[in-house]
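# Secondary and tertiary structure notes
Below, each chain spelled out in residue letters.
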Amino acid sequence: MIKFNQQFHLRKASLEDQDIIWDILQQAIKRRKEEGSNQWQDGYPNMDSIKNDIQQDFGYVLESENQILGYAAVIFEIEPGYEIIEGKWLSDQEYVVIHRVAVSEEYIGLGIATKIFQEVEKVALSKKNFSIKVDTNFDNIPLLKILNKLNYTYCGEVYFRGSSRKAFQKLLN
């Protein structure tokens, strides 16, 4: 069980982590389906997504006491899907992209996804990057609540694999 004062650490994922990450993503895919969402119901993300993330240094895990609690792809490159937006980004400065956020089933409801976003903000700032962009399905209510709580601004719609996605940006101090 997670303790209030527990220490968390966001670190780059390794190939040794890929099976645990895949289990966490499969749990999230199942949760999205049970919630009635079509997000992640088309074969993406998959094990190749994870391997690619890790090989390109995009994969990050949040852990505590040597236990992996959650996963996210943190990308310090231009996201081609964000080049065209129906709306307007807050800025055109360099940005970090967060994709594929997933939390282990046993830690749902404990603020782990929020903690992942907070830790990514610290990583971005440490690299002198002051902007984060993220997108999600219109029906991903848990993530929409997190983005609202963390003061991300809704900027418009972007498109991935033929589907409209809500796009958000946060400028960091």
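The paragraphs below set out a description of the structure included in this document. (Residues numbered from 1 in each chain as written. Predicted model: local features only at pLDDT ≥ 70, side-chain atom pairs only at ≥ 80, totals over all residues. Heavy atoms only, no water.)

## With respect to the environment of Glu 35
Operational definition: The secondary structure listing takes helices from DSSP runs of H or I that are at least 4 residues long and strands from runs of E that are at least 2 residues long, numbered from the N terminus. Throughout this description, buried means an accessible area under 20% of the type-specific maximum (1.4 Å probe, protein chains only), exposed means over 50%, and partly exposed covers the range between.
Among the structural elements, Glu 35 can be located in the loop between helix H1 (18-34) and helix H2 (47-55). Glu 35 sits in the partly exposed class, given a relative accessible area of 46%. Distance in space between the C-alpha atoms of Glu 35 and Gln 55 is 31 Å, their sequence separation being 20 residues.

## Remarks on the pairing of strand E3 (residues 67-75)
Put simply, the rule is: Here, strands pair whenever DSSP counts at least two bridges between them.
For E3, the tally of buried residues reaches eight of nine residues, placing the bulk of the element in the interior. In terms of strand pairing, strand E2 (residues 59-64) meets E3 through six bridges, oriented antiparallel. Bridge pairing in E3 links Tyr 60 to Ala 72. Remark: two residues form the turn of the hairpin made by E2 and E3, two consecutive strands paired antiparallel; Glu 65 in that turn has positive phi of roughly 50°.

## Comments concerning H2
The following threshold applies: Read the arc as the range of directions from the helix axis to the C-beta atoms. Between two residues, a contact is recorded if the distance between any of their heavy atoms is within 4.5 Å.
Looking only at H2, the buried set comprises Ser 49, Ile 50, Asp 53 and Ile 54. Each buried residue of H2 lies within a common arc of 130° when the element is viewed along its axis, so the set occupies one face. Exposed positions of H2 whose direction lies more than 90 degrees from the buried face are Asp 48 and Gln 55. Against the buried residues of H2 lie H1, E2, E3 and strand E5 (96-103).

## Focus: the packing of H1 against H2
Operational definition: Helix axes are fitted to C-alpha atoms over the stretch in contact, other axes to C-alpha atoms as well, and angles between N-to-C directions run from 0 to 180 degrees. For this classification, under 35 degrees means roughly parallel, over 145 means roughly antiparallel, 65 to 115 means roughly perpendicular, and everything else is oblique. Crossings are assigned a handedness: left-handed for a near helix turned anticlockwise from the far helix by less than a right angle, right-handed for a clockwise turn. In this classification, Asp, Glu, Lys and Arg are treated as charged, Ala, Val, Leu, Ile, Met, Phe, Trp, Tyr, Cys and Pro as nonpolar, and every other residue, Gly included, as polar.
Interaxial distance between H1 and H2 falls to 10 Å at its minimum, and their mutual angle equals 130°. Relative to H2, the element H1 lies oblique. As for the relative orientation of H1 and H2, their crossing is right-handed in sense. Contacts from Gln 18, Asp 19, Ile 21, Trp 22 and Leu 25 of H1 reach H2 at Met 47, Ile 50, Lys 51 and Ile 54. Of the residues in the contact of H1 with H2, the class split is six nonpolar, one polar and two charged.

## Digging into the packing of helix H3 (residues 112-126) against helix H4 (residues 141-149)
Contact geometry for H3 and H4: axes closest at 10 Å, N-to-C directions at 45°. Judged by the inter-axis angle, H3 sits oblique to H4. Of the two elements, H3 crosses H4, and the hand of that crossing is right-handed. Touching Ala 113, Thr 114 and Phe 117 of H3 are Leu 143, Ile 146, Leu 147 and Lys 149, all from H4. Classifying every residue of the contact of H3 with H4 by side-chain character gives five nonpolar, one polar and one charged.

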